[in-house]
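Chain by chain, the residues run as shown.
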Amino acid sequence: MFSAYRFIPRRSLYVLAGLAVLAGVVAFSVTDKFYLHVLIMMLFYASISSAWNIVGGFAGQLSLGHAAFFGIGAYTSTLFFIDLGVSPWIGMVIGAMLATVVAGGIGYPSFRLRGPFFTLVTIAFAEVLRILTLYAHDFTKGSIGISVPFRPALGNFIFRQVSAYAYVALAFLALTVLVSLWIENSRLGYYLAAIREDEDAAQALGIDAARYKLVAVLISAFLTALGGTFYAQYIFYIEPFQTFSLDFSVLLAMMAIIGGLGTVWGPVAGAFLVTPLQEFLQAKLGGELQGLHLVIYGTALIIVVILLPQGIVPSVAAWGRRALGRFGAGRVASPEGDA
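Residues numbered from 1 in each chain as written. Predicted model: local features only at pLDDT ≥ 70, side-chain atom pairs only at ≥ 80, totals over all residues. Heavy atoms only, no water.

Section: the overall build of the protein
For the protein, the count of helices and strands is 15 helices and two strands. The 339 residues of the protein split such that 49% are buried. In the protein, the share of contacts with a sequence separation of at least 24, taken over all contacts with a separation of at least 6, comes to 77%. On the protein, roughly 16,600 Å² of surface is accessible, and the fraction owed to carbon and sulfur atoms is 68%. (Helix = DSSP H or I, 4+ residues; strand = E, 2+ residues; numbered from the N terminus. Buried < 20%, exposed > 50% of the residue type's maximum accessible area, 1.4 Å probe, protein only. Contact = heavy atoms within 4.5 Å. Areas by Shrake-Rupley, 256 points an atom, 1.4 Å probe, with all protein chains shown as cover.)

Quick look at the layout of surface pockets
A volume near 400 Å³ is recorded for the second largest pocket. In this structure, the second largest pocket is lined by 14 residues; those nearest its centre are R11, S12, W265, V313 and A317. Within the residue set of the lining of the second largest pocket, elements represented by two or more residues are α1 (10–29), α7 (163–184) and α15 (312–338). Here the lining of the second largest pocket takes four residues from α15, the largest share from any one element. Of the residues in the lining of the second largest pocket, the class split is nine nonpolar, three polar and two charged. (1 Å grid on protein atoms, 1.4 Å probe; cavity = no way out; pocket = protein on both sides within 12 Å on 5 of 7 lines; lining within 4 Å. Points joined across faces, edges and corners; volume = space filled by probe spheres on them. Nonpolar A, V, L, I, M, F, W, Y, C, P; charged D, E, K, R; others polar.)

Re the environment of G85
Here G85 lies in the loop between α3 (67–84) and α4 (88–110). Classification of G85 as exposed rests on a relative accessible area of 57%. For the pair G85 and N156, spaced 71 residues apart in the sequence, the C-alpha separation amounts to 9.2 Å.

Describing helix α5 (residues 117–135)
Over its 19 residues, α5 runs 27 Å from end to end, which matches the ideal 27 Å to within 8%, given 1.5 Å per residue. Burial in α5 covers these residues: F118, T119, T122, A126, L129, R130 and T133. Projected onto a plane normal to the axis of α5, the buried residues spread over an arc of 115 degrees and lie on a single side. More than 90 degrees from the buried face of α5, the exposed residues found are L120, L132 and Y135. Tucked inside the fold, the buried residues of α5 contact α2 (33–58), α3, α4, α6 (137–140), α10 (209–235) and α11 (240–243). (Expected span 1.5 Å × (residues − 1). Arc of directions from axis to C-beta.)

Here's the deal with the packing of aromatic side chains
Tallied over the full model, the rule gives 21 aromatic pairs. Seen in terms of ring centroids, Y191 and Y212 are 4.8 Å apart; in terms of plane orientation they differ by 65 degrees. Their pairing is edge-to-face. Taken together, the residues Y191 in helix α8 (residues 187–197) and Y212 in helix α10 connect sequence positions 21 residues apart. Of the residues examined, Y191 reaches a relative accessible area of 24% and is grouped as partly exposed. Looking at Y212, the relative accessible area reads 16%, which means it is buried. Ring geometry for F230 versus Y234: centroids 6.0 Å apart, planes at 10 degrees, classification stacked. You can see F230 and its partner Y234 sitting in helix α10, four residues apart, about one turn around the helix. The same class applies to F230 as to Y234, namely buried. These aromatic residues form a ring-pair network of at least three members: F44, Y45, F70, W89, F157, F159, Y165, F230, Y231, Y234 and F248. In this structure, R112 packs its charged tip against the face of Y108, placed 4.0 Å from the ring centre. (Phe/Tyr/Trp six-rings, centres within 6.5 Å; stacked < 30°, edge-to-face > 60°. Lys NZ or Arg CZ within 6 Å of the ring centre and 35° of its normal.)

Some thoughts on the packing of α2 against α8
Taken N-terminus to C-terminus, the directions of α2 and α8 make an angle of 50 degrees; their axes are 9 Å apart at the nearest point. Here α2 lies oblique to α8, going by the angle between them. Of α8, the residues touching α2 (which contributes I54, G57 and F58) are L192, A193 and R196. (Axes fitted to C-alpha atoms, helices over the stretch in contact; angles between N-to-C directions. Parallel < 35°, antiparallel > 145°, perpendicular 65-115°, else oblique.)

Some remarks on the nonpolar core
Judged by nonpolar contacts, the single largest core of 91 residues is most densely connected at F44, Y45, V177, L192, F230 and F248. Aside from chain neighbours lying at most four places away, what touches F248 is F44, Y45, I48, A67 and F70. (Core = buried A, V, L, I, M, F, W, Y, C linked by side-chain atoms within 4.5 Å.)

Here's the deal with α3
Helix length check: α3 (18 residues) gives 25 Å between terminal C-alpha atoms against 26 Å at 1.5 Å per residue, within 8%. Across the 18 residues that make up α3, a large majority, 14, are buried. At the exit of α3 stands G85, carrying a positive phi of roughly 75 degrees.

Here it is in structure tokens:
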């Protein structure tokens, strides 16, 4: 019988369990709605960035139009809920499946070409969806956007207690991390790493590069669309300029790059660093000095990228290995020095 557990290092499971306990305790104990919102957005962005990292990090295929899959998930579940009365939990799965089909339609021809074609196609497709959503006013309400009615119920994916969204976001993060861990330690992950490092060499060894890159984008799109439904049900409002924006896609990539591209915990670390900085600066400076929070935010991120070019997680891991190496060398040399 297949068991995903054997593909996941026990140490990583301990880290995930510790993170889950810590986030759960914080969500239970924090009463300030702003700080609770920051926690929810940290978990949310960590999940979506981890989903992006499957294709952008593991497979090395830069996607700057991932907002397309996010928007498909958000609009599908919302329209099914408002117009047909279908539970967002069901609409979430439908939207994720639809996003997966669309990702296949984008990835199949793009991955059979070399160069930046996949990146350009994803950007163009997200922009096309944004324009179509704007013009389909009778169906999507256009630029006015869609407001999700507040009808608290578990089946409606709407909760009176804001802390409940933190637990859902935590479960979503656990799902994306577990999928990432499975990919990293499975044959698929090894193939994707080989393709990322040298696609020609990987194909020479018999690896079907186009096929495995397509698998990566299908998984990534499915998880990203799930996040779109969560966002719609948490914010209670979606509109084209926000849902299909290029800025959102770039933010996902930036979090993964800052944390450590192609690593499981890199997107999580990047999101945990970037999201509080973004939320606090926008809350404190956004209303007083327009644009200043963006300058400070951008400057801080540039400093992080310069000081840690490989990302937070790989840099910290390298420092830890060097420190352990020096400590071990000192323990070995000590008896000889005493003699």
